[in-house]
Amino acid sequence: MPGHYFSLKIMDIEKKIVLTGMQPTGILHLGNFLGAANNWKKMLDAYTCYFFIPNQHAITVPQIPANLRHGTLNCVAQYIACGLDPEKCTIFIQSQIIGHTELAWILGCLTPLGQLYRMHQFKDKSSKNENIYSGLLYYPVLMAADILLYNADFVPTGEDQKQHVELARDLAEKFNGTYSETFTVPSPMIEKTGARIMSLKAPEHKMSKSDPDGNGTIYITDEPKIIQKKIASALTDSTNKIANDPERPGMVNLLNIYCAATGIATADAEEKFKIYQGYAPFKKEVADALIALLEPVQKKYKSIKDDKEYLQSVAQKGAETVQPIAQGTLSKVYRKIGFLGN
Ligand code: TYM
């Protein structure tokens, strides 16, 4: 979706609602950051923002309880480190709110099974794994509930979540059509650059925490030396020209990373680098841009990551803000479908 959303001038009109989240399964990687978190802070003034930690999603694959517990609070720290000022937005933990799984059940009763089997992410994950649980199939319905519970207008994510947001749209329209106008129909909000950051070692696959080659993924806490090393060893080709050529996925990925990190348009970056001979000086600039971008994030993260009391207080305040909203939506939905009130 175009960047003009970010420059919306809000005067007396009610702010639109933005909702999104990241799974608390470790340190965010560059894809999470450039495709999502780094854009979120630009929305704080123009929108009413809800950033949540989808820990109920995380258990669709096996988790070690202690890691999930630690990772959830640590995710709060990472959100804040990425610029999400808790004074300007609401940060909350999914499992602390009553309503997400309740609404998911109701929406699931409106979701054709075939639509879930067609989800790219389900097909991809289930093809790699022998033990598939029904939670993995049902996951997009829970995601739709996350979005519709708060009547979000926009859902900022990377490209890989677009199909899931489209399901949320379908379900909002279906519910509204069946039971009368209830939900806002949400729109995906996807930035052009950064929406699909690929592995540095296998650029035909998206960057992910599960990349078998550790050098394929940069984490937001990676030290400058590590970033330099990973970028220097990123897969390119023998052409030695810096160009946005779709036939050269490694090259395109590095250029995309550079543009997303600096805000420079692709054509301008191509122009800037066209006189460069070989990849080494270009890669150095990519690494330098990332190091500069991540430096304040790392500093903030280090200063708050162990302050459990503070992080818990942020989540607690978030829960107090959103629980009444979730309850309000759920009561309305229950009434419309014919459940008795309590
Ligand atoms: P998750 O945790 O997989 O990813 C978090 C965000 O990072 C983006 N992302 C990427 N962007 C660019 N390049 C990549 N390689 C890359 N990898 C990940 C994702 O698009 C996402 O924006 N289902 C969601 C979490 C969720 C959610 C929601 C999001 C649950 N409920 C409701 C929005 C609204 C997920 O697993 O994201």
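Keep in mind the model is a prediction, meaning the values are calculated, not measured. (Residues numbered from 1 in each chain as written. Predicted model: local features only at pLDDT ≥ 70, side-chain atom pairs only at ≥ 80, totals over all residues. Heavy atoms only, no water.)

Asks: Could you give an account of the site of the ligand, naming the residues involved and the relevant values?
Replies: Neighbouring the ligand are 28 residues; Tyr 139, Asp 146, Gly 158, Asp 160 and Ile 197 lie closest to it. At a separation of 2.8 Å, an oxygen atom of the ligand approaches a polar backbone atom of Gly 158. At a separation of 2.7 Å, a nitrogen atom of the ligand approaches a polar backbone atom of Ile 197. Notes on the ligand: free accessible area 720 Å², of which the protein chains cover 96%. Every element with two or more residues in the shell around the ligand is listed here: strand S1 (17-21), helix H1 (30-40) and helix H7 (134-149). (Near = heavy atom within 4 Å. Polar contact = N/O pair within 3.5 Å; in protein donor to acceptor, adjacent residues only side chain to side chain. Areas by Shrake-Rupley, 256 points an atom, 1.4 Å probe, with all protein chains shown as cover. Helix = DSSP H or I, 4+ residues; strand = E, 2+ residues; numbered from the N terminus.)

Asks: Please provide a residue-by-residue account of unusual backbone geometry, values included.
Replies: Although it is not a glycine, Asn 151 sits at a positive phi angle of roughly 50 degrees. Position of Asn 151 relative to the elements: it lies in the loop between H7 and strand S4 (154-156).

Asks: So, the pattern of salt bridges: which residues are in play, and what are the values?
Replies: The full count for this structure, using the stated rule, is nine salt bridges. Asp 160 is the partner of Lys 206 in a salt bridge, and the nearest nitrogen-oxygen pair spans 2.5 Å. A residue pair is termed long-range when its members are at least 10 positions apart, and Lys 206 in the loop between strand S5 (187-189) and helix H9 (224-232) and Asp 160 in the loop between S4 and helix H8 (162-179) qualify at 46 residues. Here Asp 237 ties to Arg 248 by a salt bridge, and the two come within 2.9 Å at their closest N and O atoms. Taken as a pair, Asp 237 in the loop between H9 and helix H10 (249-262) and Arg 248 in the loop between H9 and H10 lie far apart in primary sequence, 11 residues in all. Overall, the relative accessible area of 25% leaves Asp 237 in the partly exposed class. (Salt bridge = Lys/Arg side-chain N within 4 Å of Asp/Glu carboxyl O. Buried < 20%, exposed > 50% of the residue type's maximum accessible area, 1.4 Å probe, protein only.)

Asks: I'd like a description of the packing of aromatic side chains, backed by residues and values.
Replies: Here the distance between the centres and the angle between the planes together describe a pair of aromatic rings. According to the stated counting rule, one finds 13 aromatic pairs in the structure shown. The interplanar angle of 55 degrees and the centroid separation of 5.4 Å between the aromatic rings of Phe 92 and Tyr 150 together place this pair among those described as tilted. Taken together, the residues span a long stretch of sequence, with Phe 92 in strand S3 (residues 90-93) and Tyr 150 in the loop between H7 and S4 at a distance of 58 residues. Note on Phe 92: relative accessible area 0%, which makes it buried. (Phe/Tyr/Trp six-rings, centres within 6.5 Å; stacked < 30°, edge-to-face > 60°.)

Asks: So what about helix H3 (residues 65-81)? Which residues, and what values?
Replies: The end-to-end C-alpha distance of H3 is 24 Å, a good match for the 24 Å that 17 residues give at a rise of 1.5 Å each. Burial of H3 is extensive: 12 of the 17 residues sit out of reach of the surface. Buried within H3 we find Leu 68, Gly 71, Thr 72, Leu 73, Asn 74, Cys 75, Val 76, Ala 77, Gln 78, Tyr 79, Ile 80 and Ala 81. Looking one or two residues beyond H3, the residue adopting positive phi is Gly 83, at roughly 105 degrees. (Expected span 1.5 Å × (residues − 1).)

Asks: Account for the pairing of strand S2 (residues 48-53), with residues named and values stated.
Replies: Each regular strand shows side chains that alternate between the opposite faces of the sheet. For S2, a buried count of five out of six residues is recorded, marking the element as mostly surrounded by other parts of the structure. Sheet topology places S1 next to S2; five bridges connect them, and they run parallel. Residue pairing in the sheet places Ile 17 in a bridge with Thr 48 of S2. With respect to chirality, the unit in which S1 leads through H1 into the neighbouring parallel S2 is right-handed. By the bridge criterion, four bridges tie S2 to S3 in an arrangement that is parallel. Each bridged residue has a counterpart across the sheet, and for Ile 53 the counterpart in S3 is Ile 93. (Pairing = 2+ DSSP bridges. Right-handed = clockwise from strand over helix to strand, strands pointing away.)

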